[in-house]
Amino acid sequence: MKGAPYGISYMSDSADGEFAAVAAWAEENPDIDDIVLFTMSEDESQENTTRLFQDTLGDIGLNILEIVDIRMNAQTKDYVQYAIQALNCKADYYDAVTAICRCDEEFGVTSENYRKFMDNEEIVQWFYNSEMMDGIQKDFYWSEGKK
């Protein structure tokens, strides 16, 4: 879980296991309060888990800003819209995207030249210990590789 602090996924086979996974994620990321929940209401198991999360995540300090319902058989363009819907909720993801954009601006990374920046030690260090930014909920930065 430490490798992906801005996202979490869960399987739809055990509500208790799903809650345990989210609780462990919340414990690893205590600075994240507001989340967006992606679900697929067409899947009964996921719908049941969504109801469980609505009833219980507040107890572990998580506030669901919005529930984004993903269609079965969604296409790539649909996922872009789902991501935009989540970002528009101004959750912690927005701060991470803003930081990435700031890094790209500082180093001059564009869609045309990004390959030459792959494995660039200066960029790695920027994300390992970034400058502090004004975030949506609070100051945002990476310190020793953690948000």
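Residues numbered from 1 in each chain as written. Predicted model: local features only at pLDDT ≥ 70, side-chain atom pairs only at ≥ 80, totals over all residues. Heavy atoms only, no water.

### Focus on helix α2 (residues 44-56)
The terminal C-alpha atoms of α2 lie 18 Å apart, and with 13 residues this matches the ideal 18 Å at 1.5 Å per residue to within 8%. Within the sequence span of α2, burial applies to Q46, T49, T50, F53 and T56. Buried residues of α2, viewed axially, fall in a sector of 145°; they line one side. Exposed and oriented more than 90 degrees from the buried face of α2 are E44 and D55. (Helix = DSSP H or I, 4+ residues; strand = E, 2+ residues; numbered from the N terminus. Expected span 1.5 Å × (residues − 1). Buried < 20%, exposed > 50% of the residue type's maximum accessible area, 1.4 Å probe, protein only. Arc of directions from axis to C-beta.)

### Focus on the confidence of the model for the protein
Any residue range with low pLDDT should be treated as having predicted coordinates unsuitable for detailed reading. Within the protein, residue pLDDT values average 78, and 84% of them lie at 70 or more. Residue range residues 1-5 is modelled with pLDDT below 50. Its contacts to residues more than four positions away, or to other chains, number eight contacts. (pLDDT = per-residue confidence, 0-100. Contact = heavy atoms within 4.5 Å.)

### Re the nonpolar core
The biggest cluster of nonpolar side chains holds 10 residues, and these are A96, A99, C103, V109, F117, I123, W126, M133, F140 and W142. Breaking this core down by element, the ones donating at least two residues are α4 (92-107) and α5 (121-128). It is α4 that contributes the most residues to this core, three residues altogether. Of all hydrophobic cores here, the second largest spans nine residues; its members include A26, I32, I35 and L37. (Core = buried A, V, L, I, M, F, W, Y, C linked by side-chain atoms within 4.5 Å.)

### Quick notes on the environment of V109
Here V109 shows up in the loop between α4 and α5. Given the relative accessible area of 18%, V109 is considered buried. Leaving out residues up to four positions away in the same chain, V109 has contacts with D104, Y114, F117 and I123.

### Section: the packing of helix α1 (residues 15-28) against α2
Viewed as axis vectors pointing N to C, α1 and α2 meet at an angle of 45°, and their least axial separation amounts to 10 Å. Between α1 and α2, the angle is such that the two are oblique. Where α1 crosses over α2, the two elements pack in a sense that is right-handed. The residues of α2 that touch α1, namely those facing A15, E18, F19 and V22, are T49, L52, F53 and T56. (Axes fitted to C-alpha atoms, helices over the stretch in contact; angles between N-to-C directions. Parallel < 35°, antiparallel > 145°, perpendicular 65-115°, else oblique. Left-handed = near helix turned anticlockwise from the far one by under 90°.)

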